[in-house]
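# Architecture and fold: a report
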Amino acid sequence: MTDPTDFSLPDPLEDAHDAIRQLAAAMQSVELNVAQLPDTSVSSNLLLGFGDDGYVLVTVIGGNEVTTYVTTGAAADLEHDRLAALEFANARTRENPALPVFLHDGGDEHWDLLVQQSHPTAILTQNAPFLRGMITANIARTVAIRESLAETQLGGRAYEATPEDLQRLAQRAVV
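The notes below deal with the structure included here. All of these numbers come straight from a predicted model, not from anything done at the bench.

The number of helices and strands found in the protein chain is 5 helices and 7 strands. Element order for the protein chain, N to C, with α for helix and β for strand: α-β-β-β-β-α-β-β-α-α-β-α. Here the protein chain has a C-alpha radius of gyration of 17 Å; the compact-globule value for 175 residues is 16 Å, and the two agree. Within the protein chain, buried positions represent 47% of all 175 residues. Restricting to contacts in the protein chain with at least 6 residues of sequence separation, those with at least 24 account for 62%. Counting every atom, the protein chain has about 9300 Å² of accessible surface; 53% of that belongs to carbon and sulfur. Charged side chains in the protein chain number 10 positive and 25 negative. The centres of these two groups are separated by 8 Å.

Quick look at the structure:
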């Protein structure tokens, strides 16, 4: 029998938390060190660092726990040249459609390029070496994007391991 005075609501991210726990266990089984980030209003996230200041965000959205997103911020604060940014992103996606590059247009400020994959959560949790391979590929692609971006007039900077940039990537990963 339920308590008529209990007005608590179910946790909308409960299934996302379960998926993130399974993903964390899979990542740790293939020797990837991850940290759980605070939840956003719609997602649960893991963080994996690479290089001096780079990181990969692994995201599960509440209500869509069957899909996991693997996202890196290839560049932040691009010049506001929509045509050049879209041509750059589209050319990189044509080179490797398995690792698409997206322009995240933040309105009047904060234009970013993201590398993002989506995979069935069950495949990633049941095949940790595949998960490791997808994360490794995402990192390599991000490094290559940053190198080729230096040859353009789009500017931008690498995402940094700061609370502001972590929150920024977490928000962009689900939009």
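Alright, that's what it looks like, and here's the rest.
On the surface, Asp11, Glu14, Asp15 and Asp39 cluster together into a negatively charged patch. On the secondary structure map, Asp39 appears in the loop between strand E1 (35–36) and strand E2 (43–50).

Let us now look at the pairing of E2. Counted residue by residue, E2 has 7 buried out of 8 residues, so it is predominantly covered. Pairing geometry for E1 and E2, over 2 bridges, is antiparallel. Paired with Gln36 across the bridge in E2 is Leu46. Hairpin connection, E1 to E2: the antiparallel pair is bridged by 6 residues. Pairing of E2 with strand E3 (residues 54–61) involves 8 bridges; the strand directions are antiparallel.

Right, let's talk about helix H5 (residues 163–173) for a bit. An α-helical turn contains 3.6 residues, so a residue and the one three or four places further along point in the same direction. Among all positions of H5, only Asp165, Leu166, Arg168, Leu169, Ala170, Arg172 and Ala173 are buried. The elements touched by buried residues of H5 are E2, E3, strand E4 (64–78), strand E5 (101–104), strand E6 (112–120) and strand E7 (155–157).

As a further point, take the packing of helix H2 (residues 82–95) against helix H4 (residues 128–149). Contact geometry for H2 and H4: axes closest at 12 Å, N-to-C directions at 135°. With respect to each other, H2 and H4 are oriented oblique. Every pair of crossing elements has a handedness; the one defined by H2 and H4 is right-handed. Contact residues: H2 offers Phe88, Arg92, Thr93 and Glu95, while H4 offers Arg141, Ile145, Ser148 and Leu149. Tallied by class, the residues present in the contact of H2 with H4 amount to 3 nonpolar, 2 polar and 3 charged.

So, about the nonpolar core. Within the largest apolar cluster, 23 residues are counted, with the highest numbers of intra-cluster contacts made by Leu23, Met27, Leu46, Val56 and Ile135. Among the secondary structure elements, those contributing two or more residues to this core are helix H1 (14–29), E2, E3 and H4. Ranked by residues supplied to this core, first place goes to H1 with 7 residues. With near-sequence residues (within four places) excluded, Met27 lies in contact with Leu32, Val34, Leu46, Leu48, Val58, Leu131 and Ile135. Core analysis: the next-biggest nonpolar cluster, separate from the first, contains 15 residues, Ala74, Phe88, Leu149 and Leu154 among them.

Right, let's get into the pattern of salt bridges. When their charged atoms lie close together, side chains carrying opposite charge are able to pair. Under the criterion given, the structure shown has 9 salt bridges. Residue Asp77 is joined to Arg157 by a salt bridge in which the shortest nitrogen-to-oxygen separation is 2.9 Å. Taken as a pair, Asp77 in strand E4 and Arg157 in strand E7 lie far apart in primary sequence, 80 residues in all. Taking relative accessible area as the criterion, Arg157 reaches 27% and is therefore assigned partly exposed. Here Arg82 ties to Asp105 by a salt bridge, and the two come within 2.3 Å at their closest N and O atoms. Of this pair, Arg82 sits in helix H2 while Asp105 sits in the loop between E5 and E6; the two residues are 23 residues apart in sequence, bridging distant segments of the chain. Among the residues examined, Arg82 registers a relative accessible area of 40% and is labelled partly exposed. The partly exposed category is assigned to Asp105, whose relative accessible area is 29%. Overlapping salt bridges bring together Asp77, Asp112, Arg157, Asp165, Arg168 and Arg172 as one network.

Rules behind the numbers
- Residues numbered from 1 in each chain as written.
- Predicted model: local features only at pLDDT ≥ 70, side-chain atom pairs only at ≥ 80, totals over all residues.
- Heavy atoms only, no water.
- Helix = DSSP H or I, 4+ residues; strand = E, 2+ residues; numbered from the N terminus.
- Rg over C-alpha atoms; globule rule 2.2 N^0.38 Å.
- Buried < 20%, exposed > 50% of the residue type's maximum accessible area, 1.4 Å probe, protein only.
- Contact = heavy atoms within 4.5 Å.
- Areas by Shrake-Rupley, 256 points an atom, 1.4 Å probe, with all protein chains shown as cover.
- Lys, Arg positive; Asp, Glu negative; His and termini not counted.
- Charge placed at Lys NZ, Arg CZ, Asp CG, Glu CD.
- Patch = residues over 30% accessible without salt bridge, like charges linked within 9 Å, V, L, I, M, F, W, Y side chains within 5 Å.
- Salt bridge = Lys/Arg side-chain N within 4 Å of Asp/Glu carboxyl O.
- Pairing = 2+ DSSP bridges.
- Axes fitted to C-alpha atoms, helices over the stretch in contact; angles between N-to-C directions.
- Parallel < 35°, antiparallel > 145°, perpendicular 65-115°, else oblique.
- Left-handed = near helix turned anticlockwise from the far one by under 90°.
- Nonpolar A, V, L, I, M, F, W, Y, C, P; charged D, E, K, R; others polar.
- Core = buried A, V, L, I, M, F, W, Y, C linked by side-chain atoms within 4.5 Å.

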